[in-house]
Amino acid sequence: MKYLILVILSFFLVSCQPKEPSAQEIVDKAIEVSGGERYKQFDLEFDFRDKYYRVKRDNGLYRYERHFTDSLGNVKDIVTNDGFKRYINDTLVKVADSMAFKYTNSVNSVQYFILLPHGLNDPAVNKTYLGKSNVKGIDYHKVQITFQQEGGG
């Protein structure tokens, strides 16, 4: 009987230990507290590395712009659900598919990272919980993020 009580008490103490959250739970909470549903519809403007960006989303529709000046003049790159367009001095110019792909990726990468953690539930994202880390007396959960080559990075 004495051993049975010890076994039950041990089980109770172990089962009452707080469960570590999963990587998915941490990412979901980070998205929630940093904007959550507001990521679905917004209009954001910012400067990054001497370029002006505008990121607009409207419930599945998107428009990403990048504006800068170089030796060609005023350049405006636009990425939407319909594809890529480049304007130089307000004139639409033809861009080779290979370059359009590179420009699109460049614009996409800036908007992706500026909006983190929002994109961390994309299908190409792999999340792994790495435990806790203490920084200046505060415990933080660590999550490793990697991307699948296909469809992600």
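Residues numbered from 1 in each chain as written. Predicted model: local features only at pLDDT ≥ 70, side-chain atom pairs only at ≥ 80, totals over all residues. Heavy atoms only, no water.

## Things to note about the sheet that holds strand 1 (residues 41–48)
Step number 1: On the basis of which strands lie adjacent, the open sheet formed by 6 strands has the order 1-2-3-4-5-6 and antiparallel pairing. The two strands at the open ends of the sheet, each matched to only one other strand, are strand 1 and strand 6 (91–93). Ignoring strand direction, the axes of neighbouring strands in this sheet form an average angle of 20°.
Step number 2: Note: strand 3 (residues 61–70) against strand 4 (residues 73–80), 8 bridges, orientation antiparallel. Its bridge partner lying in strand 4, Phe-68 is registered against Val-75.
Step number 3: Together, strand 1, strand 2 (51–58), strand 3, strand 4 and strand 5 (83–88) form the strand contacts of helix 3 (residues 97–114), whose direction differs from that of strand 3 by roughly 110°. (Pairing = 2+ DSSP bridges. Helix = DSSP H or I, 4+ residues; strand = E, 2+ residues; numbered from the N terminus. Axes fitted to C-alpha atoms, helices over the stretch in contact; angles between N-to-C directions. Contact = heavy atoms within 4.5 Å.)

## Overview of the pattern of salt bridges
Step number 1: In total, this model carries 7 salt bridges according to the counting rule given.
Step number 2: For Lys-40, the salt bridge goes to Glu-37, with nearest N and O atoms at 3.0 Å.
Step number 3: Note on Lys-40: relative accessible area 46%, which makes it partly exposed.
Step number 4: Of the residues examined, Glu-37 reaches a relative accessible area of 59% and is grouped as exposed. (Salt bridge = Lys/Arg side-chain N within 4 Å of Asp/Glu carboxyl O. Buried < 20%, exposed > 50% of the residue type's maximum accessible area, 1.4 Å probe, protein only.)

## Things to note about the pairing of strand 5
Taken residue by residue, a regular strand's side chains alternate between the two faces of the sheet.
Step number 1: Pairing geometry for strand 4 and strand 5, over 6 bridges, is antiparallel. Looking across to strand 5, one finds that Val-79 is bridged to Phe-84.
Step number 2: Counted along the chain from strand 4 to the antiparallel partner strand 5, the turn is 2 residues long.
Step number 3: Here 3 bridges tie strand 5 to strand 6, and the two strands are oriented antiparallel to one another.

## Here we look at the confidence of the model for the chain
Step number 1: Here the chain shows a mean pLDDT of 86. Residues at 70 or above account for 86%.
Step number 2: Contacts for the low-pLDDT stretch residues 1–15, under 50 throughout, to residues beyond four places or in other chains number 0 contacts. (pLDDT = per-residue confidence, 0-100.)

## Some words on the packing of aromatic side chains
Aromatic rings considered in pairs are described by the distance between their centres and by the relative angle of their planes.
Step number 1: The full count for this structure, using the stated rule, is 5 aromatic pairs.
Step number 2: Residues Phe-46 and Tyr-53 carry aromatic rings whose centres are separated by 5.3 Å and whose planes lie at 10° to one another, so their mutual orientation is stacked. Note on accessibility: Phe-46 and Tyr-53 belong to one class, buried.
Step number 3: Ring geometry for Tyr-112 against Phe-147: centres 6.3 Å apart, planes inclined by 70°, an arrangement best described as edge-to-face. Remark: Phe-147 occurs in strand 8 (residues 138–147) and Tyr-112 occurs in helix 3; sequence separation between them is 35 residues.
Step number 4: Note on Tyr-112: relative accessible area 17%, which makes it buried.
Step number 5: In this structure, Lys-76 packs its charged tip against the face of Tyr-87, placed 5.5 Å from the ring centre.
Step number 6: Sitting over the face of the ring of Tyr-103, Arg-86 holds its NZ or CZ atom 3.9 Å from the ring centroid. (Phe/Tyr/Trp six-rings, centres within 6.5 Å; stacked < 30°, edge-to-face > 60°. Lys NZ or Arg CZ within 6 Å of the ring centre and 35° of its normal.)

## Some points on the environment of Val-143
Step number 1: You can see Val-143 is positioned in strand 8.
Step number 2: In this structure the C-alpha to C-alpha distance between Val-143 and Gln-24, which are 119 residues apart in sequence, comes to 9.0 Å.
Step number 3: With near-sequence residues (within four places) excluded, Val-143 lies in contact with Ala-23, Ile-26, Val-27, Lys-127 and Thr-128.

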